[in-house]
Amino acid sequence: MAGRPDGGVPAVSGGALIPRARRTLSPGAVHLPDWLDLAEQRRLVEACREWAREGPGIRAAKLPNGGQMSVRSFCLGWHWYPYRYSRTRDDQDGSPVAPFPEWLGALGRRAVGDAYGDPARAAAYRPDIALVNHYTADARMGLHQDKDEVSLDPVVSFSIGAPCVFRLGNTQTRGKPWTDVELHSGDLVVFGDESRLAYHGVPKLLPADDTPDTGLADGRLNITLRVSGFTTGESRVPER
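Analysis parameters
Residues numbered from 1 in each chain as written. Predicted model: local features only at pLDDT ≥ 70, side-chain atom pairs only at ≥ 80, totals over all residues. Heavy atoms only, no water. Phe/Tyr/Trp six-rings, centres within 6.5 Å; stacked < 30°, edge-to-face > 60°. Helix = DSSP H or I, 4+ residues; strand = E, 2+ residues; numbered from the N terminus. Buried < 20%, exposed > 50% of the residue type's maximum accessible area, 1.4 Å probe, protein only. Lys NZ or Arg CZ within 6 Å of the ring centre and 35° of its normal. Salt bridge = Lys/Arg side-chain N within 4 Å of Asp/Glu carboxyl O. Core = buried A, V, L, I, M, F, W, Y, C linked by side-chain atoms within 4.5 Å. Contact = heavy atoms within 4.5 Å. Pairing = 2+ DSSP bridges. Axes fitted to C-alpha atoms, helices over the stretch in contact; angles between N-to-C directions.

1. Observations regarding the packing of aromatic side chains
For any pair of aromatic rings, geometry is given as the distance between the ring centres together with the angle between the planes. Counted under the stated rule, the structure contains five aromatic pairs. Relative to Phe158, the ring of Trp35 has its centre 5.9 Å away and its plane inclined at 15°; by these criteria the two rings are stacked. With Trp35 in the loop between β3 (29–32) and α1 (38–53) and Phe158 in strand β9 (residues 155–161), this pair connects stretches of sequence that are 123 residues apart. For Trp35, a relative accessible area of 11% translates into the label buried. On the basis of relative accessible area, Phe158 is assigned to the buried category, the value being 0%. Through successive ring pairs, a cluster of aromatic residues spans Trp78, Tyr85 and Phe230. The ring of Trp103 carries Arg43 above its face, with NZ or CZ at 3.9 Å from the centroid. When the ring centre of Tyr135 is taken as origin, the NZ or CZ atom of Arg220, which lies over that ring, is 5.1 Å away.

Structure representation (structure tokens):
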């Protein structure tokens, strides 16, 4: 890939940059560029805007060590805060988390079907958590595992707005090997199976010269769907 005039070339340490074509990034992890059409992106942006205004609103979660995440987030279905889930917003005002909408689950089932080519698996996919992150230009997401759920059903991830570097690593450590891929507005990533517990993160956003008019004022919106596997009232999962 040619370098950008501003030097904004995604890092490729430990692996190659993946071109913009449907690709399997690692076993069980699939990138589908431009999967959401513009109307779907706009619908998600408008829905997220309404959800973010509900109750105590969007926030930057505080970490147990006293630090604060650089992304702002809110949840549907189950409320996540480091590192557990609850039916109430325990790190805010204790109010009930907003419900997970069925239409969003249907979108997740379509995503799983397109990623894996398995209609039966898609039909059985029943996400009950949406974790929505908003990235401003200086926001980052360090390499981490999505392991606060009991279920190991796939994670479905939608990107809207500014492009970013998405880093998909291995399941053992935060170190190499990893693969970097540019995610653009409308892109889909699904990761399950052998890659369900892969470390992953967003080291940086990229210049947004040709971002479509989704209705998002600035930055990047990332919507991830997960299956909790929780029983009623359960909010913690065993250590893996």
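2. Observations concerning the pattern of salt bridges
Across all of its chains, the model carries 12 salt bridges by this definition. Across the pair Glu46 and Arg49 runs a salt bridge whose closest N-O atoms are separated by 3.0 Å. In this pair, Glu46 and Arg49 are both assigned in helix α1, three residues apart and thus about one turn of the helix distant. One salt bridge connects Asp91 with Arg59, and the closest N-O pair in it is separated by 3.0 Å. One end of the pair, Asp91, is in the loop between β6 (84–86) and α2 (102–116); the other, Arg59, is in the loop between α1 and β4 (72–76), and 32 residues separate them in sequence. Here Arg59 falls in the buried class, since its relative accessible area comes to 10%. Beyond isolated ion pairs, a larger network of salt bridges with shared partners links Asp146, Glu149, Arg196 and Arg226.

3. Comments concerning the nonpolar core
Among the nonpolar cores identified, the biggest contains 33 residues, and Leu104, Val156, Phe158, Ile223 and Leu225 are the most heavily contacted of them. Every element with two or more residues in this core is listed here: β3, α1, β4, α2, β7 (129–135), β9, β12 (188–191) and β14 (220–226). In this view, Ile223 contacts Leu44, Cys48, Leu131, Val132, Val156, Ser157, Phe158 and Ile160; residues no more than four positions away in its chain are not counted.

4. Comments concerning the sheet that holds β3
The seven strands are arranged β2-β3-β12-β9-β14-β7-β4 in an open sheet whose pairing can be described as antiparallel. Of all the strands in the sheet, the pair left with one neighbour each is β2 (23–26) and β4. Strand-to-strand twist of the sheet, defined as the mean angle between neighbouring strand axes without regard to direction, takes the value 20°.

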